[in-house]
Amino acid sequence: QFTTHDINVYYNGKVNDWSIDLNLDGMWDKTKQNQFTAQTITETSGKTMEENMTTFQCTRNNLLAGKLDISRPLWGGSFSFGNEYSHNDRTNQYLNPQGILEDDDSRFKEGSTSAFVEYGRSFGKLNLLAGLRYEYVDFKYYDQGKLVEEQSRKFKKLFPSIVLNMPV
């Protein structure tokens, strides 16, 4: 059994000198799968054994993501700023009642957001691009409903950048 819902919204337009590019995405899905396997093993001695195995799997995914980029001409170049956002939540449950395979009951949640500002301009054949980006990521991993600190992480970073390029 599989169900999914997807949504995508976008806008690309201009307001006076400002260009606006907005993209939003969402996805929600759920998969349930039951499997039964019966096998018969015949040894070289002629002895037969039967082994039955049942597995149950349920996976859920929720994703939200968006990006906004706003730009305009400035001082003979182009100035832009915006942000990006994403949130992902995934749950995986896998059960094997006979204990032949290892059970799994895990979940991860990840949220990230960033903001950026950038300026680019050409000086003859020389192109300059300078920017600053801030990122925040919060990732949490759960096993059997309990937070696993060693596999979880959180960080905040600032990334400056300067790019110069010119044909040689």
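As shown above, the structure is provided for reference.
Below: a short report on this structure. Since the model is a prediction, treat every value here as computed from it, not as a measurement.

Rules and cut-offs
- Residues numbered from 1 in each chain as written.
- Predicted model: local features only at pLDDT ≥ 70, side-chain atom pairs only at ≥ 80, totals over all residues.
- Heavy atoms only, no water.
- Phe/Tyr/Trp six-rings, centres within 6.5 Å; stacked < 30°, edge-to-face > 60°.
- Lys NZ or Arg CZ within 6 Å of the ring centre and 35° of its normal.
- Salt bridge = Lys/Arg side-chain N within 4 Å of Asp/Glu carboxyl O.
- Helix = DSSP H or I, 4+ residues; strand = E, 2+ residues; numbered from the N terminus.
- Buried < 20%, exposed > 50% of the residue type's maximum accessible area, 1.4 Å probe, protein only.
- Polar contact = N/O pair within 3.5 Å; in protein donor to acceptor, adjacent residues only side chain to side chain.
- Contact = heavy atoms within 4.5 Å.

Attention shifts here to the packing of aromatic side chains. Taken as a whole, this structure holds 4 aromatic pairs when the rule is applied. An aromatic cluster is defined as three or more aromatic residues linked by ring pairs; in this entry it consists of W18, F79 and F81. One residue, R153, lies across the ring of F139, its end atom 5.1 Å from the ring centre. Seen from the ring of F155, K157 lies directly overhead, with NZ or CZ sitting 5.7 Å from the centre.

Counted under the stated rule, the structure contains 7 salt bridges. Two residues, R72 and D17, come together in a salt bridge whose shortest N-O distance is 3.4 Å. With R72 in strand β3 (residues 48-74) and D17 in the loop between β1 (2-15) and β2 (18-42), this pair connects stretches of sequence that are 55 residues apart. Looking at R72, the relative accessible area reads 25%, which means it is partly exposed. Here D89 makes a salt bridge to R107, at a shortest N to O gap of 2.6 Å. Here R107 lies in strand β5 (residues 104-123) and D89 lies in strand β4 (residues 77-95), a separation of 18 residues in the sequence. Its relative accessible area of 10% is what places D89 among the buried residues. With relative accessibility at 32%, the residue R107 sits in the partly exposed group. The structure contains a network of salt bridges with shared partners spanning K67, E84, R133 and E135.

Attention now goes to the side chain of T59. Within the secondary structure, T59 is located in strand β3. Under the relative-accessibility criterion, T59 is labelled buried at 8%. Within the local environment of T59, its side chain forms a polar contact with the side chain of N92, the two groups lying 3.0 Å apart. T59 has contacts with D29, K30, T31, R90, T91 and N92, leaving out every residue within four places of it along the chain.

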